Each structure stands twice: as structure tokens, then as C-alpha cells.
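# Descriptive structure summary
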Amino acid sequence: MAQESFSDLGRVEAIAKLYEGTGYKPFESSWFETGAKSVVSSNSRTFLEGIDFDLTYFPLKHLGYKCVTAVTGELYSEFSHPRTMDVRLGISAKLDFSHIKEVWEGIVTAAREHGYKKVSLDLVPSPNGLAVSISSMGETSLLTAKRRPAAKSMDLICISDNIGAAFLGFQVLEREKRAFEQSGDAKAQPDLEEYKNLVGAYLKPQISPNIIGQMEEAEIIPSYGYLVTRGLADTIKRLVRDSGLGAKVYVDKLPFAGKSFDLGKELNIDPMSAALNGGEDYRLLFTIPIGKHDKFRHDFQTFDIIGHLAKPEVGAALVTPDGVELPMKAQGWK
């Protein structure tokens, strides 16, 4: 079968073909009715080749999936259900239809998982590699929005999975890329089996599409929510800023993926530093009322309780196993 190219298809026909078999319709406006009984949230992100991803080792399908996970996770952090998504792909001359088809397959796979009703797509030229821009809209019922409690001291700080793994996985890929370039062997393939879970945390982070519905059903509404993407320290400092309260995070409560400390020793990287400032984890962090502790512990065992809100004068503090409180520092903050 002859390979299809943009020069043969043209932009409009290429978009139409990409939609075939997806269940979504091309050239459809991304709107939805709320009936004035809900609150609408929106989020957008742009991912640039050479800055946000490296196609030397990033599978195109995984890239599309990860981009959708990023914007959807932001909706979930706002306790919002995904509804519509707008996608713009900036395409350089080195990429053809088959490459973009792989990116789109990843986007559609994630969109289906997270229940998006409509997904629009446009293709535009890019002078410098691939660019992926995604805007998403979500919906929270007005009743749920009104039931969101005010944050209080001793609210639980909970995170949806291990942290620091993505940064360590990224470092493995960068190391293997350097080894590949130095070898000069175009057929050389790295052996990533030992650290596949860490590499996977970077290449294809996943968030449960059922999390918001499950929390609503359990009548557990968080006071604050965030998607951890720039390290835990950055997220905790945002929480302190937004809530006007302090926060204590306990070192011995932080969840780490298996092999994190083995790989950290191998790369001379402290897994704690990777967790606090490494980024790319794509974990949900919620603050849960202390009165919901037992039910949350029982119903949401994939979450770890890593700390709690505190009096404002505490600031953002990291508590060591022997009780010493250290001020958190994060990139981008004074």
C-alpha cells in the first residue's frame, strides 16, 4: 500500500482521513450546553519539540496521549468533567501524514478514555519541528461547585501516585540518547527493561478517568486541587499561596516508585530532589477535609496522604522523620 503524504492529500482531506474510525466528527464546533446548572472550566497547553519533548526517543503515539493527559489532568484538578477539546498541530517539513497519524491516534485514545464528547483538529505549518497545542473544556455541576468546602488547618494533603519517577525516567532516556550519539551505530537500541516503569512514567503518564465521578459518589469534595507537573515543592507553594494557610509535608510519607533509589544512586540524583523539583509527574494533589479521613483512606487507596494544612505562619514546610521542619524551595519562586 502506497504511503499517503500531505502533498497528495492536502490539509482538508488529511484532517478528514485522520477522523476516520475515531467516533468524532471533523470540522465540528466545540461547544456544549450547560443549562445554567454547571460551571465551565477551560485549560490549554502548547508542547514544542526540542523544549517539551525529543522525538529521538519519544514515540509519537505516546506524545499525543501525554499531551491530552496534561490538559485533562488540569480539568480534574478543578473537579471538572472533560467535555470538548480543540487540537492544533504545527507540522514541519520533516513530518508527513504517517507521523501525524500516530500523534493523532494517541490523542484520540486519550480523548476516548477521558470521555470527551467532541474533539476538533486543525493542521498548520511550523518552521521548527512539531508543535502540539491543546485547549480543553470541562464541566462541574453547580451543586458540586457550591459544596466545595473552605480550606482549613489540618485538611489532608493527598497525592494520586508516586512522584519523582518521571524525572528519573527522563534522565535515563537522555543518558541513552548520549550513548547512542557517541556510538555512531544507527542500529543500536538501549536496554530499558530494568527501568521501564520509570521511563513509562515520563513517556506515558496516566490519570484515572473515573476519579472525579468516584469522589462525587463518595461525597468527598476537596477544598483545593492541583496537577503536579513542575515538582511537588512548586505545587505545595501554590497551595500555600492560594489557601492563605501553611502546609506540612512529611518526608517519610512521600511515595516513590520501585527502583527510584537504585537509579538515583546510578545517576547521582537524589530521588527526593527529583520528587520536589523534577517535574513531569502528572499526579493529582487534593486537600481533603480531615473529617473524611477514614472514608478517603478506605475508598481511595491509590492515593497517599503526605501531609496536612497548618497555620499560616508555618509556610511550606518539609518535615523530616526526626521532626525538623525545613522550608520548601521551588524553581520559579523567590
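Just so it is clear, the model here is predicted, and its values are computed rather than measured. (Residues numbered from 1 in each chain as written. Predicted model: local features only at pLDDT ≥ 70, side-chain atom pairs only at ≥ 80, totals over all residues. Heavy atoms only, no water.)

## Things to note about the overall build of the protein chain
Quick note on the threshold: Note on conventions: DSSP H or I runs of at least 4 residues are helices, E runs of at least 2 residues are strands, and numbering of each starts at the N terminus. Burial status follows relative accessibility: with a 1.4 Å probe on protein chains alone, a residue under 20% of its type maximum counts as buried, one over 50% as exposed, and anything between as partly exposed. Should any heavy atoms of two residues lie within 4.5 Å, those residues are considered in contact. Each accessible area is a Shrake-Rupley estimate made with a 1.4 Å probe; only the visible protein chains count as cover when residues are assessed. His residues and chain termini do not enter the charge count, which takes Lys and Arg as positive and Asp and Glu as negative. The location of each charge is read from NZ of Lys, CZ of Arg, CG of Asp or CD of Glu.
A tally of regular secondary structure across the protein chain gives twelve helices and eleven strands. Along the three orthogonal principal directions, the C-alpha set of the protein chain runs to about 65 × 60 × 35 Å. A burial count over the protein chain gives 51% of its 334 residues as buried. Of the contacts formed within the protein chain by residues at least 6 apart in sequence, a portion of 86% connects residues at least 24 apart. Counting only carbon and sulfur atoms, one obtains 50% of the accessible surface of the protein chain, whose full area is about 16300 Å². Across the protein chain, the 39 positively charged side chains and the 44 negatively charged ones have centroids separated by 5 Å.

## Focus on the sheet that holds strand β3 (residues 118-125)
Operational definition: Strand pairing requires that DSSP identify at least two bridges connecting the strands. A fitted line through C-alpha atoms serves as each axis, taken over the contacting stretch for helices, and the angle formed by two N-to-C directions is quoted from 0 to 180°.
Reading across from one edge, β1-β4-β2-β3 is the order of the four strands in this open sheet, with mixed pairing throughout. Strands at the two margins of the open sheet, each flanked by one partner only, are β1 (38-48) and β3. Looking at each pair of strands side by side, their axes are set apart by 15 degrees on average, direction ignored. Bridge count for strand β2 (residues 81-91) against strand β4 (residues 131-141) is nine bridges, and the pairing is antiparallel. Each bridged residue has a counterpart across the sheet, and for Pro82 the counterpart in β4 is Gly138. Across the sheet, helix α3 (residues 60-77) is in contact with β1, β2 and β4; its angle to β1 comes to roughly 150 degrees. Along the sheet, helix α4 (residues 97-113) makes contact with β2 and β3, crossing β2 at roughly 170 degrees.

## Focus on the side chain of Asp281
Counted only if it meets this: The term salt bridge refers to a side-chain nitrogen of Lys or Arg lying within 4 Å of a carboxyl oxygen of Asp or Glu. Think of a polar contact as two N or O atoms within 3.5 Å of one another; within protein, one of them needs to be a possible hydrogen donor and the other a possible acceptor, and neighboring residues in sequence only count if both atoms come from side chains.
Within the fold, Asp281 resides in the loop between α11 (271-277) and β8 (283-288). Despite its burial, Asp281 remains without a salt bridge, the nearest opposite charge being carried by Arg283 at 4.9 Å. Within the local environment of Asp281, its side chain forms a polar contact with the backbone nitrogen of Gly164, the two atoms lying 3.0 Å apart. Ignoring sequence-local partners within four residues, the contact set of Asp281 consists of Asn162, Ile163, Gly164, Ala165, Ala166, Pro205 and Val228.

## Notes on the nonpolar core
Definition in use: We call a set of buried residues a nonpolar core when its members are Ala, Val, Leu, Ile, Met, Phe, Trp, Tyr or Cys and they connect through side-chain atoms within 4.5 Å of each other.
Residues Met85, Leu89, Tyr116, Leu121, Leu123 and Leu130 are the most contacted members of the largest nonpolar core, which totals 55 residues. Apart from the residues within four sequence positions on either side, Leu89 is in contact with Ile100, Val103, Ile107, Leu121, Asp122, Leu123, Val124, Ala131 and Val132.

## What to know about the environment of Glu105
Along the chain, Glu105 turns up in helix α4. Residue classification places Glu105 among the partly exposed positions, given a relative accessible area of 34%. The spatial distance from the C-alpha of Glu105 to the C-alpha of Tyr19 is 9.5 Å, given a sequence separation of 86 residues.

## Structural notes on the pairing of strand β5 (residues 156-159)
Alternating residues of β5 divide into Leu156 and Cys158 and Ile157 and Ile159, and every residue in both groups is buried. Here β5 runs beside β8; their pairing, made up of four bridges, is antiparallel. Bridge pairing in β8 places Ile159 opposite Leu285. Taken together, the four bridges between β5 and strand β9 (residues 304-310) define a ladder with antiparallel strand orientation. Looking across to β9, one finds that Leu156 is bridged to His308.

## Remarks on the packing of helix α6 (residues 165-183) against helix α10 (residues 260-267)
For clarity, the cut-off: With respect to orientation, any angle under 35 degrees is reported as roughly parallel, any angle over 145 as roughly antiparallel, any angle of 65 to 115 as roughly perpendicular, and every other angle as oblique. Left-handed is the label given to a crossing in which the near helix is rotated counterclockwise from the far helix by less than a right angle, and right-handed is the label when the rotation is clockwise. Throughout, the ten residues Ala, Val, Leu, Ile, Met, Phe, Trp, Tyr, Cys and Pro are labelled nonpolar, Asp, Glu, Lys and Arg are labelled charged, and all others, Gly among them, are labelled polar.
Here α6 crosses α10 at 45 degrees, and the two axes come no closer than 10 Å. As the angle between them shows, α6 and α10 are arranged oblique. Once α6 is placed against α10, the crossing between them reads as left-handed. For the pair formed by α6 and α10, the contact residues are Leu168, Gln171, Val172 and Arg175 on the first element and Ser260, Leu263, Gly264, Glu266 and Leu267 on the second. Here the residues of the contact of α6 with α10 are counted per class, giving four nonpolar, three polar and two charged.

Distances and angles like these do not, on their own, reveal function.
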